[in-house]
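Close look at the chain arrangement
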Amino acid sequence: MFALPWYLTWFGHSLNTYKDVVRLYDYFLASPPLMPIYVAASLVIERKEEIFEQDCDLASIHCLLSQIPDDLEFESILKRASLYYKKYPPTDLEKAVIKRVKK
């Protein structure tokens with residue numbers, strides 16, 4: 001639920017720095033269509049320690065993740081997202097989901 005606005009607006013409404021917004025837009029325009037989902041995963045993993053420090057309820061997690069800090073290193077998040085895309089391509093993930101659903 002917290003990541004839906006990220007995906008719909010390519011993070012444009014969640015980032016405060018114009019430089020970060022246009023960098024992400026350039027990256028997404030030059031990337032496969034599902035790359036915003038991989039960037040969202042990379043961003044969540046980047047902030048995992050903050051997430052685990054929160055109370056274990058959806059409201060706390062949603063509040064934390066809806067605010068993206070200005071000091072995040074987006075280049076490392078993008079590099080990791082690209083690695084995730086190569087390591088876990090959408091076709092492989094789709095097969096894994098189909099297999100799990102059949103169970």
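Figured I'd write up the structure that's included with this text. Bear in mind the structure is a predicted one, so any value in this text is a computation, not a measurement.

What counts, and where the lines are drawn
- Residues numbered from 1 in each chain as written.
- Predicted model: local features only at pLDDT ≥ 70, side-chain atom pairs only at ≥ 80, totals over all residues.
- Heavy atoms only, no water.
- Helix = DSSP H or I, 4+ residues; strand = E, 2+ residues; numbered from the N terminus.
- Buried < 20%, exposed > 50% of the residue type's maximum accessible area, 1.4 Å probe, protein only.
- Contact = heavy atoms within 4.5 Å.
- Areas by Shrake-Rupley, 256 points an atom, 1.4 Å probe, with all protein chains shown as cover.
- Axes fitted to C-alpha atoms, helices over the stretch in contact; angles between N-to-C directions.
- Parallel < 35°, antiparallel > 145°, perpendicular 65-115°, else oblique.
- Left-handed = near helix turned anticlockwise from the far one by under 90°.
- Nonpolar A, V, L, I, M, F, W, Y, C, P; charged D, E, K, R; others polar.
- Salt bridge = Lys/Arg side-chain N within 4 Å of Asp/Glu carboxyl O.
- Expected span 1.5 Å × (residues − 1).
- Arc of directions from axis to C-beta.
- Core = buried A, V, L, I, M, F, W, Y, C linked by side-chain atoms within 4.5 Å.

A short note on the overall build of the chain
- Tallying secondary structure elements over the chain gives seven helices and zero strands in all.
- Secondary structure elements of the chain occur, N-terminal to C-terminal, as α-α-α-α-α-α-α.
- Projecting the C-alpha coordinates of the chain onto the three principal axes gives extents of approximately 40 × 35 × 20 Å.
- For the chain, with 103 residues in total, the buried portion stands at 30%.
- In the chain, of all internal contacts separated by at least 6 residues, the share reaching a separation of at least 24 is 65%.
- Entry remark: accessible area of the chain is about 7300 Å², with carbon and sulfur atoms responsible for 61%.

A short note on the packing of helix α3 (residues 35-46) against helix α6 (residues 74-87)
- Where α3 contacts α6, the two axes come as close as 8 Å, and the packing angle between them is 120°. What the angle tells us is that α3 and α6 run oblique. Relative to α6, the crossing made by α3 is right-handed. On α6, the residues touching M35, Y38, V39, S42, L43, I45 and E46 of α3 are S76, I77, L78, R80, A81, S82, Y84 and Y85.
- Looking at the contact of α3 with α6 residue by residue, the classes come out as ten nonpolar, three polar and two charged.

Some thoughts on the pattern of salt bridges
- Inspection of the entire model under this criterion finds four salt bridges.
- A salt bridge links R80 to E46; the nearest nitrogen and oxygen atoms lie 2.6 Å apart. Of the two residues, R80 sits in helix α6 while E46 sits in helix α3, which places them 34 residues apart along the sequence.
- Residue R80 is classed as partly exposed on the basis of its relative accessible area, which comes to 21%.

Focus: α6
- Relative to the 20 Å expected for 14 residues at 1.5 Å per residue, α6 spans 20 Å between its end C-alpha atoms, a close match to the ideal helical length.
- Taken residue by residue, α6 has F74, I77, L78, A81 and Y84 as its buried positions. Relative to the axis of α6, the buried residues are bounded by an arc of 120° and lie together on one face. Facing away from the buried side of α6, by more than 90 degrees, are the exposed residues K79, L83, K86 and K87.

Let's talk about the nonpolar core
- The biggest cluster of nonpolar side chains holds 23 residues, and the ones touching the most others in it are F11, L24, V39 and I68.
- Of all the secondary-structure elements, those providing two or more residues to this core are α2 (18-29), α3, α5 (58-66) and α6.

Without other data, these values stay purely geometric and don't point to any function.
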